[in-house]
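In case you want the letters, here they are:
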Amino acid sequence: MKRRDFLKGSILAIAGASVPLSALEFVDPNEVLAANPDIHWAFLINTYKCVGCGFCVKACKTENDIPFNANVSRTWVERYVYTKDDRRYVDSPKAAQYGFTDPRVDLGEHFGMKEIDPDNVGKAFFVPKLCNHCEDPPCTQVCPVGATYKTDDGVVLVDRTWCIGCGYCIMACPFGARYFHPIAKVADKCTFCYHRITKGLETACVNACPFGARKMCNIRDINDPVTKIILNERVGVLKDEFGTKPQAFYIGLASEVR
Amino acid sequence: MKNHVWRPLFVVIAVVVGILAFRAFYVPDDFGSGEYGFMYSFHRKSNEGEWKNWPLKYRDTGKQKMHEYCGECHEEVELRTEDLHGIIPCENCHGPALEHPENPEKLSIDRSRGLCLRCHTLLPYTTSERKRIPGIMPDEHNVEYNCVECHNPHNPRLEDM
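These figures come from a predicted structure and were not determined experimentally.

## Focus: the overall build of chain B
(1) Moving on: Along the backbone of chain B there are six helices and two strands.
(2) Moving on: Going from N to C terminus, chain B has its helices and strands arranged as α-β-α-β-α-α-α-α.
(3) Moving on: Taking 15 Å as the expected radius of gyration for a compact globule of 161 residues, we find that chain B reaches 30 Å, considerably beyond that expectation.
(4) Moving on: With respect to the three principal axes, the spread of C-alpha positions in chain B is 100 × 40 × 30 Å.
(5) Moving on: Looking at the 161 residues of chain B, the share that counts as buried comes to 19%.
(6) Moving on: Considering only residue pairs separated by 6 or more positions, chain B has 37% of its internal contacts joining residues 24 or more positions apart.

## Here's the deal with the overall build of chain A
(1) Moving on: Within chain A, the secondary structure is distributed over eight helices and twelve strands.
(2) Moving on: By the compact-globule yardstick of 18 Å for 258 residues, chain A is too spread out, its C-alpha radius of gyration being 24 Å.
(3) Moving on: Overall, the C-alpha framework of chain A stretches about 95 × 45 × 40 Å when taken along its three principal axes.
(4) Moving on: In chain A, which comprises 258 residues, the proportion classed as buried is 41%.

## Remarks on the nonpolar core
Residues and elements named next belong to chain A.
(1) Moving on: Within the largest apolar cluster, 67 residues are counted, with the highest numbers of intra-cluster contacts made by Phe43, Cys56, Ala59 and Cys205.
(2) Moving on: When residues of this core are assigned to domains, at least three fall in each of domain 1 (41–132 + 194–251) and domain 2 (138–188).
(3) Moving on: Dropping the residues within four chain positions of it, Cys56 is found in contact with Thr75, Pro128, Cys205, Ala208, Cys209 and Arg214.

## Some words on the domain arrangement of chain A
Residues and elements named next belong to chain A.
(1) Moving on: Looking at the assigned domains, one finds that chain A contains domain 1 (41–132 + 194–251) and domain 2 (138–188).
(2) Moving on: Centre-to-centre separation of domain 1 and domain 2, based on C-alpha positions: 21 Å.
(3) Moving on: Of the residues lining the interface, 13 residues belong to domain 1; the matching set on domain 2 comes to twelve residues.
(4) Moving on: Here the residues of the side of domain 1 that touches domain 2 sort into nine nonpolar, three polar and one charged.

## Digging into the pairing of strand S2 (residues 76–83) of chain A
Residues and elements named next belong to chain A.
(1) Moving on: Burial analysis of S2 places six of its eight residues in the buried class, the great majority of the element.
(2) Moving on: Examined bridge by bridge, S2 and strand S6 (residues 121–129) share eight bridges and lie antiparallel to one another. Within S6, the position partnered with Val81 by the bridge is Ala124.
(3) Moving on: Between S2 and strand S3 (residues 88–91), which pair antiparallel one after the other, the connecting turn spans four residues, and Asp86 there sits at a positive phi close to 60 degrees.

## Some remarks on the sheet that holds S6(A)
Residue and element names in this part refer to chain A.
(1) Moving on: The antiparallel open sheet is built from three strands, whose spatial order is S3-S2-S6. Each edge of the sheet is formed by a strand with only one pairing partner; in this case those strands are S3 and S6. When the angles between neighbouring strand axes are averaged without regard to direction, this sheet yields 15 degrees.

## Regarding the pairing of strand S1 (residues 41–46) of chain A
Residues and elements named next belong to chain A.
(1) Moving on: The buried fraction of S1 amounts to six of the six residues, a majority that puts the element mostly inside the structure.
(2) Moving on: Alternating residues of S1 divide into Trp41, Phe43 and Ile45 and Ala42, Leu44 and Asn46, and every residue in both groups is buried.
(3) Moving on: As judged from the four bridges shared by S1 and strand S12 (residues 248–251), these two strands associate in the parallel manner. Looking across to S12, one finds that Asn46 is bridged to Ile251.

## Considering the interface of chain A and chain B
(1) Moving on: Taken together, the contacts link 49 residues of chain A with 40 residues of chain B.
(2) Moving on: Among the elements that take part in the side of chain A that touches chain B, S6(A) stands out by supplying five residues, more than any other.
(3) Moving on: Tallied by class, residues from the side of chain A that touches chain B come to 27 nonpolar, 13 polar and nine charged.

## Regarding the environment of A:Gly212
(1) Moving on: Relative to the helices and strands, A:Gly212 resides in the loop between helix H7 (204–208) and strand S11 (214–218).
(2) Moving on: It is 34 Å that separates the C-alpha atoms of A:Gly212 and A:Tyr168, two residues lying 44 residues apart in sequence.

## Overview of unusual backbone geometry
Residue and element names in this part refer to chain A.
(1) Moving on: Although it is not a glycine, Asp65 sits at a positive phi angle of roughly 55 degrees.
(2) Moving on: Topologically, Asp65 is positioned in the loop between helix H3 (55–63) and S2.
(3) Moving on: When the 12 C-beta atoms within 10 Å are taken as the criterion, Asp65 is described as exposed.
(4) Moving on: Phi is positive for Lys94, close to 50 degrees, though the residue is something other than glycine.
(5) Moving on: Within the secondary structure, Lys94 sits in the loop between S3 and strand S4 (105–106).
(6) Moving on: Residue class for Lys94 comes out partly exposed when judged on the 16 C-beta atoms lying within 10 Å of it.

## A closer look at the sheet that holds S11(A)
Residue and element names in this part refer to chain A.
(1) Moving on: Here we have three strands laid out as an open sheet, ordered S11-S1-S12, and mixed in their pairing. Both edges of this open sheet fall to S11 and S12, since each of them pairs with a single strand only. Between one strand axis and the next, the sheet turns through 25 degrees on average, direction left out of account.
(2) Moving on: Bridge count between S1 and S11: five bridges; the pairing is antiparallel. Pairing of Trp41 across the sheet is with Asn218, part of S11.

Definitions and cut-offs
Each chain has its residues counted from 1, following the order in which its sequence is written. Each chain is given a letter, starting from A, and each ligand a number, starting from 1, according to the order in which they appear as written. The predicted origin of the model limits local features to residues at a pLDDT of at least 70 and limits the giving and counting of side-chain atom pairs to 80 or more, whereas totals for whole chains, interfaces and linings rest on all residues. Under the scheme used here, helices are H or I runs from DSSP no shorter than 4 residues and strands are E runs no shorter than 2 residues, and both carry numbers assigned from the N terminus. Note that the radius of gyration is over C-alpha atoms, with the globule rule given as 2.2 Å times the number of residues to the power 0.38. The burial label depends on the number of other C-beta atoms within 10 Å of a residue's C-beta. Counts of 20 or more mean buried, 12 or fewer mean exposed, and intermediate counts mean partly exposed, with C-beta atoms placed from the backbone. A pair of residues counts as a contact when their C-beta atoms, built from backbone coordinates, are separated by no more than 7 Å. Note on definitions: a nonpolar core is a set of buried residues drawn from Ala, Val, Leu, Ile, Met, Phe, Trp, Tyr and Cys, linked by C-beta atoms within 7 Å. Where each domain begins and ends is defined by an automated method or by a domain database. All residues other than Ala, Val, Leu, Ile, Met, Phe, Trp, Tyr, Cys, Pro, Asp, Glu, Lys and Arg, Gly among them, are scored as polar; the first ten of these are nonpolar and the last four charged. Two strands are counted as paired when DSSP detects at least two bridges linking them. Note on definitions: angles span 0 to 180 degrees between N-to-C directions of axes, and those axes are lines fitted to C-alpha atoms, for helices only across the stretch in contact.

So this is what it looks like as structure tokens:
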């Protein structure tokens, strides 16, 4: 081999090797469209507006047939009370399905009801919670039978006929959004009221909230007024450090709210 | 090699083939991954439709349009929609009413104290929106009566009582 041919060949080989494999793939327009579907559901919660009435929990349980007397719920409202002597109390009695009708804070069976002097209350607020419908949901990764999944429009659902009730997903969720359904005997969670949003209706909880603390939007539609709030205002998500990319955004978070 | 060495291998192969055959019959055809790939969305496609067909119960307010809708028939109800309880959707107290008046013909109205106390329990939270809502102590304020016996929920202004 001549030196000229050798150099030519080497240059050609290096140039060829530097072309990434992805550049050789043919782009299918349908695939590109599927990767950017028009709908991706997201939730916006304004904690400044919430008064803890619990109508959202009531509506959710009614709409989705969740038993009222079982201590499980797809959505719940938490009360945070900070006292002036720097103590913090959190409770959510019966997921706040009957609201907060007691000024005392429920600290569980061991500590009972905590009386707090009204003059000692520094700040207090309510935080509604629900499934975050994460972009990278840890709950769907761990399912051994393919019963829980993320739909193309960004909602995490559970296949009730396929779920074996092992509870891995309930353990995997960092937000405690899943529970074992006492009647269906499967893992259950918020569906973003998939039967309602796909028909153009609001979810039961958004519908029931008199104060507008809960809002829902298609985050791919930049003209949606709620999407504009998420894009333009200062919103946060719960447990960002888990890297699950939650799709429920909060206005007015505190570091104690997780 | 001797036959007894091969025999367990045949058994293993038979078991694997059996499992694969069972799987081919048992797993529905529409099992597959969506946009989020095998890790996040390996599922039975028809289940999405099953969730979409979940029965509806609540009518949508369409951003508080419910008062107009309900008011078409229930003209006798004089609701102060501009303030106070005007922000509460009818269904929160009157119950889900998607197919009303056909089914159910009559709604089950929640007239309990507990319903009012959701918002009107006195909680000393000056930093929350709760401060703007008048509140009572549930175990001191006319305990033996339901709220609606004195207060009109459709016009709760005290001066109109």
